[in-house]
Amino acid sequence: MSSYIRIKCSPIRSMRNNFMLQMASPSVFGKEELTKPVNRSKLIAEDGQSHELRLPCSFARTRDGVCNRFHCSAPPRTLRVGLFVIPRIIYILLLATFLHAQNANLGTAGAQFLKIPIGARSAALGGAVTGMSQDATALFWNPAGIIHNHTHALHVSHIPWITFFEVNALAYTLNLKEQGAIGMYARALAMEKLEITTEYEPDGTGEFFDSQDLEMGVSYARKLIDHFSFGVTVKFIRQRIWNEIASGIAFDFGTHYNIGFQNATIAMSLRNFGPDLKMDGPDLLVFYDSSDDFPNRLIPSNKNTEAYPLPLIFQFGMGIDLIKAQFFQSRLAVDVIHYNDNDEQVLMGLESTIAQRFIVRGGYRFNQNEAQPSLGVGLHQRIEKMVIKLDYAFVMHEYLGDTRFLSLDIIF
């Protein structure tokens, strides 16, 4: 049977959403006073009972939100708020970045290989993936992102870096359901061997040297509530130049929150938190004579090297679906990144998926002189319960030459 109620309220405009009602003060209402059909909103009467009713959209709230004896409030209009707020957030982030003074510690940190983006998808999006990575590549960006719906995820990537170097990465995650998720990964930067030359032997001495940087880590993530997860990584970092080595332990921390509207996410990560590194090795051994007046026994000594900090990185990011149709989806990501040895940057990336199989990506880093726009494509193929992802990215550089990224992901 229909229910009716009389409310004095000036309508402002018709909306598709229904307004929710709750009584401002106790009042008796009876059948004889009900003159307008309503259903399924909340009306609290003097008898203390709750009645499920809903007022049609032809009734609107007044300016102060009170309609006679009822509080009228519309359901969250998150779409309108999102479209209004997001461009302004982007504008504020860009303005803050450009107005920020130059970092006084510019170029003071070592282990710069930790800044190289891992994954062709991540590189194509300009690194704006703190809230976008929910596969094995999240181990390199935000450990909280390894919480995902699938059980296993494997990532392999290869990057020809500049001229003499190459970067290789391998990552694996295992979802333990209610117990959380674990992951392990490794990445290495290596160079081809070069012959040693001196001022007396400019054509080479016959000896060769090389260098290698290595990072290995183990991560754990867990959902604290339904839409919020936290992750931590402990990792070993090692740098070698010929026979000299520096090594240490560092930590990554991350959070990931899914708002629910338009698949919007907010995420943060703090990476490379650890003590300073210091080079040491046999080539630093020297023999010292304390006096030039007469021969002495040589004293074995070591050349002292200066300790250097790791590139501490704090990154905050947001991601949101702009379009989500059956055959076409588009997602925007905006990140702000703070370095301890460089200026702040704003990262933006856009990813579009066609027919759930073909992906086109683009990204840009604001306030960085070297990196130019990045582009990428991807192909996803589902085979029963397995998904194979092949991604390629092309990152333009102003001085060091363009870089190409190739990666393979297997989810099962």
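Residues numbered from 1 in each chain as written. Predicted model: local features only at pLDDT ≥ 70, side-chain atom pairs only at ≥ 80, totals over all residues. Heavy atoms only, no water.

**Q** Mind laying out the overall build of the protein, listing which residues take part and the relevant values?
**A** Broken down by element type, the protein carries 3 helices and 25 strands. Counting every position in the protein, which comprises 412 residues, the buried fraction comes to 41%. Long-range pairs, those at least 24 residues apart, make up 55% of the contacts in the protein with a sequence separation of at least 6. Looking at the protein as shown, the accessible area adds up to about 23,200 Å², and 59% of this sits on carbon and sulfur atoms. (Helix = DSSP H or I, 4+ residues; strand = E, 2+ residues; numbered from the N terminus. Buried < 20%, exposed > 50% of the residue type's maximum accessible area, 1.4 Å probe, protein only. Contact = heavy atoms within 4.5 Å. Areas by Shrake-Rupley, 256 points an atom, 1.4 Å probe, with all protein chains shown as cover.)

**Q** Quick rundown of the packing of aromatic side chains? Include the residues and the values.
**A** Counted under the stated rule, the structure contains 3 aromatic pairs. Here the aromatic rings of F140 and Y185 are separated by 4.8 Å at their centres, their planes lie at 65 degrees, and the arrangement is edge-to-face. Here F140, found in helix α3 (residues 138-141), pairs with Y185, found in strand β10 (residues 181-191); they are 45 residues apart in sequence, far enough to count as distant. The same class applies to F140 and to Y185, which are both buried. When the ring of F251 is compared with that of F253, the centres are 6.4 Å apart and the planes differ by 20 degrees; the resulting orientation is stacked. (Phe/Tyr/Trp six-rings, centres within 6.5 Å; stacked < 30°, edge-to-face > 60°.)

**Q** Tell me what's going on with the pairing of strand β14 (residues 228-241), and back it up with residues and numbers.
**A** By the bridge criterion, 14 bridges tie strand β13 (residues 211-225) to β14 in an arrangement that is antiparallel. Following the sheet pairing, E215 is matched in β14 by I237. Between the end of β13 and the start of β14, which pair antiparallel, lie 2 residues. Here β14 pairs with strand β15 (residues 244-258) via 14 bridges, running antiparallel. Residue pairing in the sheet places F236 in a bridge with I249 of β15. (Pairing = 2+ DSSP bridges.)

**Q** So what's going on with the side chain of D252? Residues and values would help.
**A** Within the element layout of this structure, D252 appears in strand β15. A distance of 2.8 Å separates the side chain of D252 from the backbone nitrogen of N272, its partner in a polar contact. Those residues in contact with D252, other than ones at most four positions away along the chain, are P143, Y185, G231, V232, T233, K235, L270, R271 and N272. (Polar contact = N/O pair within 3.5 Å; in protein donor to acceptor, adjacent residues only side chain to side chain.)

What is shown is where atoms sit, not what they do.
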